[in-house]
Amino acid sequence: TRLTFSQANTHNRLPLWSPDGSQIVFSSDRDGHSSQIYEKAVNGTDKERLVSPGVGDRYPASWSPDRRYVAGVQQNPQRGTQFLILSVEGTQRPMDFLPAAIGISRYTFPRISPNGKWIAYCSYESGENELYLTSFPSGSGKWQVSTNGGRSPVWRRDGRELFYATPDLTFMAVEFSEDHDSPVIGKARPLFRIRAPISPQWYYDVAPDGKRFLINSLQQPASPEPLTLLVNWDAELKKK
């Protein structure tokens, strides 16, 4: 069922379900200048609502379980790509979240944990794209999750496991628990490797039980493409 009815040259992308499934937020460049975040009811009865407009492109990535905040990234013309925390309830100014982690890539969308206490994000601060955790929404404390590169985090529905992809697109799983309000991060274990397009948009999701993955992967060729070897090609050039 079609949900958005903007002009033909408009790009509506990165839809994100609300925790109760009644709303979505998405990014759209319908204003003709930059991509902003909009909210709309899934039943289609209400018009799209612009969520806290700003300068530069904005992309949603995660919705807090209490439905108060949307986390994402913003491409600021002056400061590069920044983390973005917006109040869905109408506060116009975005939260000042991780202000020191600037200049990150669009490929580092953050994800809020199912209990709303943590947020997983990726940063290049070590020279390698690694996955980190910090408390939400305060942004205090920092714990590194990956050790050999990591991006595109997704939580299991119960929050007891965190999935991410390595630079060579090996999917990893890390057990997660809490001890006196501090995160306990288990050892990462590899699951499988995929062929997926390098894209800032989400290319996979995980079933609530963490046992099935929906992946937008590149199609494997039915048979290897043959190589053609041309010998004595310089003689053919002389004839021409």
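Everything below is about the structure shown above.
Residues numbered from 1 in each chain as written. Predicted model: local features only at pLDDT ≥ 70, side-chain atom pairs only at ≥ 80, totals over all residues. Heavy atoms only, no water.

**Student:** Hey, could you go over the side chain of Ser-146 for me, with residue numbers and the actual values?
**Tutor:** Of note, Ser-146 is situated in the loop between β11 (143-144) and β12 (151-155). In this structure Ser-146 comes out as buried when scored by relative accessible area, which is 0%. Among the polar contacts listed, one links the side chain of Ser-146 to the side chain of Glu-130, at a separation of 2.5 Å. In contact with Ser-146, other than residues within four places in its own chain, are Glu-130, Leu-131 and Tyr-164. (Helix = DSSP H or I, 4+ residues; strand = E, 2+ residues; numbered from the N terminus. Buried < 20%, exposed > 50% of the residue type's maximum accessible area, 1.4 Å probe, protein only. Polar contact = N/O pair within 3.5 Å; in protein donor to acceptor, adjacent residues only side chain to side chain. Contact = heavy atoms within 4.5 Å.)

**Student:** Can you lay out the layout of surface pockets for me, pointing to particular residues and giving the numbers?
**Tutor:** One way to see where empty space is left: roll a probe the size of a water molecule over the atoms. Here the largest pocket defines a volume of roughly 1,100 Å³. Taken together, the elements giving at least two residues each to the lining of the largest pocket come down to β1 (12-17), β5 (57-63), β8 (111-112), β12 and β17 (204-206). Element by element, the count of residues in the lining of the largest pocket is highest for β1, at five residues. For the lining of the largest pocket, a count of residues per class yields 20 nonpolar, six polar and five charged. (1 Å grid on protein atoms, 1.4 Å probe; cavity = no way out; pocket = protein on both sides within 12 Å on 5 of 7 lines; lining within 4 Å. Points joined across faces, edges and corners; volume = space filled by probe spheres on them. Nonpolar A, V, L, I, M, F, W, Y, C, P; charged D, E, K, R; others polar.)

**Student:** Outline a nonpolar patch on the surface, listing residues and values.
**Tutor:** A cluster of nonpolar residues, Leu-230, Trp-233 and Leu-237, forms a patch on the protein surface that exposes about 380 Å² of accessible area. As for its position among the elements, Trp-233 is in helix α1 (residues 233-239). (Patch = residues over 30% accessible without salt bridge, like charges linked within 9 Å, V, L, I, M, F, W, Y side chains within 5 Å. Areas by Shrake-Rupley, 256 points an atom, 1.4 Å probe, with all protein chains shown as cover. Salt bridge = Lys/Arg side-chain N within 4 Å of Asp/Glu carboxyl O.)

**Student:** Before we move on, can you summarise the nonpolar core with the specific residues and values?
**Tutor:** Within the largest apolar cluster, 12 residues are counted, these being Trp-118, Ala-120, Cys-122, Leu-131, Leu-133, Val-145, Trp-155, Leu-162, Tyr-164, Met-172, Val-174 and Phe-176. Only β9 (118-123), β10 (130-135), β13 (161-165) and β14 (170-179) provide two or more residues apiece to this core. In contact with Val-145, not counting residues within four places along its chain, are Leu-131, Tyr-132, Leu-133, Leu-162, Tyr-164, Val-174 and Ile-185. Residues Ala-165, Phe-171, Ile-194 and Ala-196 belong to the second largest nonpolar core, which totals 11 residues. (Core = buried A, V, L, I, M, F, W, Y, C linked by side-chain atoms within 4.5 Å.)

**Student:** Go over the sheet that holds strand β6 (residues 69-76) with me, naming the residues and quoting the values.
**Tutor:** On the basis of which strands lie adjacent, the open sheet formed by three strands has the order β5-β6-β7 and antiparallel pairing. Of all the strands in the sheet, just β5 and β7 (80-87) have a single pairing partner and so form its edges. The mean inter-strand angle of the sheet, taken between neighbouring strand axes irrespective of direction, is 25°. In the sheet, β5 pairs with β6 via six bridges, with the strands oriented antiparallel. Counted as the bridge partner of Tyr-59 is Val-73 from β6. (Pairing = 2+ DSSP bridges. Axes fitted to C-alpha atoms, helices over the stretch in contact; angles between N-to-C directions.)

**Student:** An account of the environment of Ala-165 is requested, with residue identities and associated values reported.
**Tutor:** In this structure, Ala-165 sits in strand β13. A residue is classified by how much of its surface remains accessible, and Ala-165, at 0% relative accessible area, is buried. Here the alpha-carbon distance between Ala-165 and Gly-149, two residues 16 residues apart in the chain, equals 8.2 Å. Ala-165 has contacts with Gly-149, Gly-150, Arg-151, Ser-152, Thr-170, Phe-171 and Tyr-203, leaving out every residue within four places of it along the chain.

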